[in-house]
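Observations on the three-dimensional arrangement
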Amino acid sequence: MVSHDPRIAIDQAPMSRFQWGIVATMVGLNALDGFDVLSISFASPGIAADWGIDRAALGIVLSMELVGMAIGSLFLGGVADRLGRRTTILGCLGMMTIGMLGAASAGGIVALSVWRVATGVGIGGMLASTNAAVAEAANAKHRALAVVLMAAGYPIGTIVGGSVSAVLLAHYDWRAVFVFGAACSALFVPLVLWRAPESVAFLMHRRPPDALARINATLRRMGHGAVDALPDPEPKGVAAKAPVVALFSPALLRTTLALTLAYLAHIMTFYFILKWIPKIVVDMGFPAPQAAGVLVWASIGGATGSLILGLLTGKVRVLALTIGAMLLSTALVIVFGRAQSDLAGLSIVAAAAGFATNAGVVGLYALVAERFPTSARATATGFVIGVGRGGSALAPMVAGFLFAAGYGLQTVAVLMGIGSLVAAVALLLLRGRPTVAVAR
């Protein structure tokens, strides 16, 4: 055995199949998040018809899990930095399973809203944890790619979930969508226990009593040699005592503010597209299963945008790629507002808009993983996503009230598309800023 910092070994060595397996597990978890978030969108036409609610009321329901996601991101991101990524992920899976089952049994708007908030809390904590877990499982060369792949799981989940939902809605009512989501959440628990050990970087930072044994067990599974001792712990500063406070230290303040504002603004545009596509398509006279199909095309575009951005990270800076994606997002959401008359045209435009909006989101996740240290990475992810999604909960509601006030799709799309433009401007604050050494 040797004595050295195991994080350096992970950073410098090639990625093993076990490490890629961890990344794949996190991709699956984010895919689950994607389906659970949009399950309400797939179900919304049936809910509106079943309960006779208008667009304004539906907009409130569509926003509820975003409120929960904000709460989960803000509070459970800090939990993941204290108790561990794996522990938090398992707790979030339990919460998501219960929330989806509750939604399936809801008898009215109030009960459904409560269960969607509960589901959102689990989803918010999950994303903060998986973003950190992927960054810490990957080596330095492939870290940005791994984070982008993890984020690409979101649209993949909506593609698979939307396809399954279309089949379910053709044979059952909207409640079947939530039952399917609950079953998938429960099935991920044994997979995480099997394939996703606690990250070495987290164990090095927190130093629990069994840290050395757990680190060596993970190193062996990664194909590395064991270590006989751990290096001295880093000095415990502000980040160790209060990670949220550390986000506003002079070294991180500009990064925190820029990424939080960018995420808040861009996610408003992102969720306008994803939350309202099914209802907009149904209102054009198409049946609910075909509306779910249009949302699937938006997700296919989103998955493509994620993968292309990931492939380009090896040649172009993530910051430049993300700004470009957000500018394209504004343009394509405005194009989406020029409602197409046939289903094929709607699907093409939805796919293009999904391509740009999702590329911007995954670029932001990569920037968060790139610019914050291990001691505050999950907290930073949770804070950025929590504040952003707390504000973005207004997006479906604002769009709903605009529609109810008589504004047409084109006007609403222009107003909601401005969010991506604001985000691109906010990211300009990060130009020339040094990145944080993510191995630590």
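Residues numbered from 1 in each chain as written. Predicted model: local features only at pLDDT ≥ 70, side-chain atom pairs only at ≥ 80, totals over all residues. Heavy atoms only, no water.

This part is about the packing of helix α12 (residues 253–283) against helix α14 (residues 318–336). The geometry of α12 relative to α14 is characterised by a closest axis approach of 11 Å and an angle of 30° between their N-to-C directions. The pairing of α12 with α14 is recorded here as roughly parallel in orientation. By crossing handedness, the relation of α12 to α14 is classed as left-handed. Here α12 contributes H266, T269, F272, I273, I277 and I280 to the contact with α14, which in turn contributes M326, S329, V333 and F336. (Axes fitted to C-alpha atoms, helices over the stretch in contact; angles between N-to-C directions. Helix = DSSP H or I, 4+ residues; strand = E, 2+ residues; numbered from the N terminus. Parallel < 35°, antiparallel > 145°, perpendicular 65-115°, else oblique. Left-handed = near helix turned anticlockwise from the far one by under 90°. Contact = heavy atoms within 4.5 Å.)

As a further point, take helix α7 (residues 175–195). Across its 21 residues, α7 extends 31 Å between first and last C-alpha, which sits within 8% of the 30 Å expected from 1.5 Å per residue. Those residues of α7 not exposed but buried are A176, V177, F178, G181, A182, S185, F188 and V192. Where α7 is buried, its residues meet α2 (17–51), α4 (85–105), α5 (109–137) and α6 (143–171). (Expected span 1.5 Å × (residues − 1). Buried < 20%, exposed > 50% of the residue type's maximum accessible area, 1.4 Å probe, protein only.)

Before going further, it helps to examine the pattern of salt bridges. Scanning the entire structure with this criterion turns up nine salt bridges. Here the salt bridges share partners, and the residues they tie into one network are D50, D173 and R175. (Salt bridge = Lys/Arg side-chain N within 4 Å of Asp/Glu carboxyl O.)

If you roll a probe as big as a water molecule over the atoms, it shows you where there is empty space left. Per the stated rule, a full pass over the model turns up three cavities of 30 Å³ or more. Estimated volume of the largest cavity: approximately 120 Å³. For the largest cavity, the lining is made up of 15 residues, of which I22, A133, P197, E198 and S199 are closest to its centre. Those elements that place two or more of their residues in the lining of the largest cavity are α2, α4, α5 and α9 (211–222). Considering only residue class, the lining of the largest cavity consists of nine nonpolar, two polar and four charged. (1 Å grid on protein atoms, 1.4 Å probe; cavity = no way out; pocket = protein on both sides within 12 Å on 5 of 7 lines; lining within 4 Å. Points joined across faces, edges and corners; volume = space filled by probe spheres on them. Nonpolar A, V, L, I, M, F, W, Y, C, P; charged D, E, K, R; others polar.)

Overall, the coordinates contain eight aromatic pairs when judged by the stated rule. On the numbers, 5.4 Å between centres and 85° between planes, the contact of F35 with F180 is edge-to-face. One end of the pair, F35, is in helix α2; the other, F180, is in helix α7, and 145 residues separate them in sequence. Exposure remark for F180: the relative accessible area of 26% places this residue in the partly exposed category. Considering the side-chain rings of W51 and W174, the 5.4 Å spacing of their centres and the 80° angle between planes classify their relative orientation as edge-to-face. Linking W51 in helix α2 with W174 in the loop between α6 and α7, this pair joins segments that are 123 residues apart in sequence. Looking at W51, the relative accessible area reads 21%, which means it is partly exposed. Following the ring pairs from residue to residue traces out a cluster consisting of F35, F42 and F180. Just above the ring of W194 sits the side chain of R195; from NZ or CZ to the centre is 5.0 Å. (Phe/Tyr/Trp six-rings, centres within 6.5 Å; stacked < 30°, edge-to-face > 60°. Lys NZ or Arg CZ within 6 Å of the ring centre and 35° of its normal.)

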